[in-house]
Amino acid sequence: MRFLPRRRRPAVTFPPPAPVPLHTPGTEVPPGAISLQVALHIARRALDRHQDANIHSRTAMFHAAIDLEHALRTLVTAYDHDQRT
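A look at helix H2 (residues 58-84)
Between its first and last C-alpha, H2 extends 39 Å over 27 residues, near the 39 Å set by a 1.5 Å rise per residue. Restricting attention to buried positions, one finds in H2 the residues Ala64, Asp67, Ala71, Thr74 and Ala78. Where H2 is buried, its residues contact helix H1 (36-50).

Next up, the structure:
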């Protein structure tokens, strides 16, 4: 059985995209900048969630460390953003 040669389609060209800056300082809020009250609520919930964590459990300490670090970073970012405005 012989195969027929495939017809080539003409190449499709798209117009070049307009340049967009990746970062415009001074106009964007930092990632994770939420109100200070919401950040405090997140931190308090993280503390409540891990207050009874077993200190001898690696898994429990790992999850507590990650959750509390996230809460702390969110709180610091919200505080810094609140101080600038």
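A short note on H1
Its 15 residues place the ends of H1 21 Å apart at the C-alpha level, agreeing with the 21 Å of an ideal helix rising 1.5 Å per residue. Three or more residues of H1 are buried, namely Ala39, Ala43, Ala46 and His50. The buried side chains of H1 occupy one side of the element, clustering within an arc of 60° when seen end-on. Away from its buried face, by an angle of more than 90 degrees, H1 presents the exposed residues Gln37, Arg44 and Asp48. Along its buried surface, H1 packs onto H2.

So, the packing of H1 against H2
One way to put it is that H1 packs onto H2 with a least axis distance of 9 Å and a crossing angle of 165°. On the basis of their axis angle, the class for H1 and H2 is roughly antiparallel. Between H1 and H2 the crossing geometry is left-handed. Residue-level inspection shows Leu36, Ala39, Leu40, Ile42, Ala43, Ala46, Leu47, Arg49 and His50 of H1 in contact with H2, the latter providing His63, Ala64, Asp67, Leu68, Ala71, Thr74, Leu75, Ala78, Tyr79 and Asp82.

A word on the side chain of His50
Assignment of secondary structure puts His50 in helix H1. Not counting residues within four places of it along the chain, the set of residues in contact with His50 comprises His63, Ala64 and Asp67.

A short note on the pattern of salt bridges
Taken as a whole, this structure holds two salt bridges when the rule is applied. The closest approach of N and O atoms between Arg49 and Asp67, which form a salt bridge, is 2.9 Å. Here the residue Arg49 occupies a position in helix H1, and Asp67 occupies one in helix H2, the gap between them amounting to 18 residues. With a relative accessible area of 46%, Arg49 lands in the partly exposed category. Two residues, Arg73 and Glu69, come together in a salt bridge whose shortest N-O distance is 3.0 Å. Of this pair, Arg73 and Glu69 both sit in helix H2, four residues apart, which is roughly one turn of the helix. Using a relative accessible area of 56% as the deciding quantity, one classes Arg73 as exposed. Exposure remark for Glu69: the relative accessible area of 40% places this residue in the partly exposed category.

What counts as what
Residues numbered from 1 in each chain as written. Predicted model: local features only at pLDDT ≥ 70, side-chain atom pairs only at ≥ 80, totals over all residues. Heavy atoms only, no water. Helix = DSSP H or I, 4+ residues; strand = E, 2+ residues; numbered from the N terminus. Expected span 1.5 Å × (residues − 1). Buried < 20%, exposed > 50% of the residue type's maximum accessible area, 1.4 Å probe, protein only. Contact = heavy atoms within 4.5 Å. Arc of directions from axis to C-beta. Axes fitted to C-alpha atoms, helices over the stretch in contact; angles between N-to-C directions. Parallel < 35°, antiparallel > 145°, perpendicular 65-115°, else oblique. Left-handed = near helix turned anticlockwise from the far one by under 90°. Salt bridge = Lys/Arg side-chain N within 4 Å of Asp/Glu carboxyl O.

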